[in-house]
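Survey of secondary and tertiary structure
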Amino acid sequence: MEEHSCCHKTKERSEKEYKDLIHRLNRIEGQIRGIRGMVEKNCYCPEILVQSAAANAALNSFNKVLLANHIRTCVAQDIHDGKDETIDELVAVLQKLMK
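About the thresholds
Residues numbered from 1 in each chain as written. Predicted model: local features only at pLDDT ≥ 70, side-chain atom pairs only at ≥ 80, totals over all residues. Heavy atoms only, no water. Helix = DSSP H or I, 4+ residues; strand = E, 2+ residues; numbered from the N terminus. Rg over C-alpha atoms; globule rule 2.2 N^0.38 Å. Buried < 20%, exposed > 50% of the residue type's maximum accessible area, 1.4 Å probe, protein only. Contact = heavy atoms within 4.5 Å. Areas by Shrake-Rupley, 256 points an atom, 1.4 Å probe, with all protein chains shown as cover. Salt bridge = Lys/Arg side-chain N within 4 Å of Asp/Glu carboxyl O. Axes fitted to C-alpha atoms, helices over the stretch in contact; angles between N-to-C directions. Parallel < 35°, antiparallel > 145°, perpendicular 65-115°, else oblique. Left-handed = near helix turned anticlockwise from the far one by under 90°. Nonpolar A, V, L, I, M, F, W, Y, C, P; charged D, E, K, R; others polar.

As a further point, take the overall build of the protein chain. Along the protein chain, the regular secondary structure elements total three helices and zero strands. In sequence order, the secondary structure elements of the protein chain are arranged as α-α-α. Expected size for 99 residues packed as a compact globule is a radius of gyration near 13 Å; at 17 Å, the protein chain overshoots this value by more than 25%. By principal-axis analysis of the C-alpha atoms, the protein chain measures approximately 55 × 30 × 25 Å. Across the 99 residues of the protein chain, 17% fall into the buried class. Taking the intrachain contacts of the protein chain between residues at least 6 apart in sequence as the baseline, contacts between residues at least 24 apart amount to 49%. Total accessible area computed for the protein chain in this model is approximately 8,000 Å², and 56% of it derives from carbon and sulfur atoms.

Moving on, we get to the pattern of salt bridges. In this structure the tally under the stated criterion is six salt bridges. The partner of Glu15 in a salt bridge is Lys19, and the shortest N-O contact between them spans 3.9 Å. Here Glu15 pairs with Lys19, and both are found in helix α1 (residues 15-40), just four residues apart, close to one helical turn. The partly exposed category is assigned to Glu15, whose relative accessible area is 47%. For the salt bridge of Arg24 with Asp20, the shortest nitrogen-to-oxygen distance reads 3.2 Å. With a gap of four residues between them, Arg24 and Asp20 both fall in helix α1, about one helical turn apart.

Below, the discussion takes up the packing of α1 against helix α2 (residues 45-80). In a pair of packed helices, the angle between the axes and the distance between the axes together describe the arrangement. Packing of α1 against α2 leaves a shortest axis separation of 10 Å and a crossing angle of 165°. With respect to α2, the element α1 is oriented roughly antiparallel. Relative to α2, the crossing made by α1 is left-handed. Of the residues in the contact of α1 with α2, the class split is 15 nonpolar, five polar and four charged.

As structure tokens, this is what we get:
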């Protein structure tokens, strides 16, 4: 697992969690490439919209899995350790997700 300068914090993920998230992202990336191909082939708008909705649903599913994992691990541990600022961080993230 590579570290990137864009990450303010890092998290150790289990191999199972890591592989699941990467698998989901690879699928989403393939869906997006497929949508681009449809646009390039001048496919009918409703067909593209259906595929776009499927990609959006897959991304929402990714977010739900990642959020659940975050709450079960990072948030739970921080609350246990008395780091209440994690709750504010979680609330801010949820507000961004619900825009």
